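# Analysis of the macromolecular model
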Amino acid sequence: MKSCTRILFFALLGMSGILGGCTETRFASPPGDNIETCDVRWKGLWGPRDEQDSASAFYVDDECHFIFLDQPEKGGPLKQFHIPVNFVHADGSDYVVIADTSIKDVVKIKPVYGVDPVPEKAFYFARYRADKNHIDLYPVDSERVARQIVDRKIDGTVSKTPNELHVFVTGDRTRMLEILRHGSIFADKPDIKMVRLNQTVDEFEHSVIQAQRKKPK
């Protein structure tokens, strides 16, 4: 089953091949009140560790603007999408938080399933580990969260079909932070691994286009 819990990061990395069944978890509120708009460790240009020839990357500039770089047409210029990204630090762990409305220009996301009225906004969470040259992202384990909702350990809804699993976790900011701290909701292994690229954005764009021109047709 393909994961739409990872839809955000797949989109950011140009891996939005999320056709067919998908799995996703969204949250009703951001976690806590101590939400930051910058983690300086993210500044710079980053690409997927296991896709050295990727035409997509993300860049965090000196003012901490998160910019997704993608190539709509092979051989053409890169397009830049500014996406508001937030960070939460709690009990020695680091989390990235992004509203589903923030990525509407990058990937199409349907409204939250199984909730009436449909919330105007919901949030994706991921845990991360970052150092000077690496960022590892751990997505939410949707099946694990769904079981906790069924067992009434977490409040929310679960919508499941043979090919899809849509989980929505309800609660206020305080409850979301408690879930981050004690809910064991994230995957045990990183799903996306990023490496720092020692290039400017212009240099990256040039290298992508040149590499594509050199490939045999």
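Preceding block: the structure.
So, here's what we can say about the structure. Because the structure is a prediction, the values reported are computed rather than measured.

### Digging into helix H2 (residues 142-150)
- Turning to H2, its buried residues number three or more, namely Ser142, Arg144, Val145, Ala146, Gln148 and Ile149.
- Summarising the contacts, the buried residues of H2 are in contact with strand S1 (23-27), strand S10 (156-160) and strand S11 (165-169).
- For H2, the N-terminal capping position is held by Asp141, with its side-chain oxygen 3.3 Å away from the main-chain nitrogen of Glu143.

### Points about the packing of aromatic side chains
- This structure, assessed with the given rule, holds 9 aromatic pairs.
- Both rings, one in Trp42 and one in Tyr128, keep their centres 5.1 Å apart while their planes meet at 85°; by these two values the pair is edge-to-face. Here Trp42, found in the loop between S1 and strand S2 (44-48), pairs with Tyr128, found in strand S8 (residues 123-130); they are 86 residues apart in sequence, far enough to count as distant. Comparing Trp42 with Tyr128 shows no difference in burial state: the two are buried.
- Taking the centre distance of 5.8 Å and the plane angle of 25° together, the rings of Phe68 and Phe81 count as stacked. With Phe68 in strand S4 (residues 66-70) and Phe81 in strand S5 (residues 79-82), the pair connects residues that are 13 residues apart, well separated along the chain. Considered together, Phe68 and Phe81 belong to a single accessibility category, that of buried residues.
- Counting every residue linked through ring pairs, the aromatic cluster contains Trp42, Phe58, Phe66, Phe87 and Tyr128.
- Above the face of the Tyr138 ring, Arg127 is positioned so that its terminal group lies 4.2 Å from the ring centre.

### Concerning empty space enclosed by the protein
- Counted under the stated rule, the structure contains 1 cavity of 30 Å³ or more.
- Roughly 30 Å³ of internal volume is contained in the largest cavity.
- Taken together, Glu24, Arg26, Val112, Tyr113, His166, Val167 and Phe168 form the lining of the largest cavity.
- Mapped by element, the contributors of at least two residues to the lining of the largest cavity are S1 and S11.

### Re the state of the cysteines
- Inspection of every chain in the model, using the stated rule, returns 1 disulfide.
- Disulfide partner of Cys38: Cys64, at an S-S distance of 1.8 Å. As the torsion about the S-S bond is roughly 40°, the Cys38-Cys64 disulfide counts as right-handed. A residue pair is termed long-range when its members are at least 10 positions apart, and Cys38 in the loop between S1 and S2 and Cys64 in the loop between strand S3 (57-60) and S4 qualify at 26 residues.
- Among the residues examined, Cys64 registers a relative accessible area of 13% and is labelled buried.

### A few points about the environment of Glu63
- For Glu63, the location among the structural elements is in the loop between S3 and S4.
- Take Glu63: its relative accessible area is 62%, and that puts it in the exposed class.
- Note: C-alpha distance between Glu63 and Lys43 (20 residues apart in sequence) is 8.7 Å.

Thresholds, definitions, all that
- Residues numbered from 1 in each chain as written.
- Predicted model: local features only at pLDDT ≥ 70, side-chain atom pairs only at ≥ 80, totals over all residues.
- Heavy atoms only, no water.
- Buried < 20%, exposed > 50% of the residue type's maximum accessible area, 1.4 Å probe, protein only.
- Helix = DSSP H or I, 4+ residues; strand = E, 2+ residues; numbered from the N terminus.
- Contact = heavy atoms within 4.5 Å.
- Polar contact = N/O pair within 3.5 Å; in protein donor to acceptor, adjacent residues only side chain to side chain.
- Phe/Tyr/Trp six-rings, centres within 6.5 Å; stacked < 30°, edge-to-face > 60°.
- Lys NZ or Arg CZ within 6 Å of the ring centre and 35° of its normal.
- 1 Å grid on protein atoms, 1.4 Å probe; cavity = no way out; pocket = protein on both sides within 12 Å on 5 of 7 lines; lining within 4 Å.
- Points joined across faces, edges and corners; volume = space filled by probe spheres on them.
- Disulfide = S-S within 2.5 Å.

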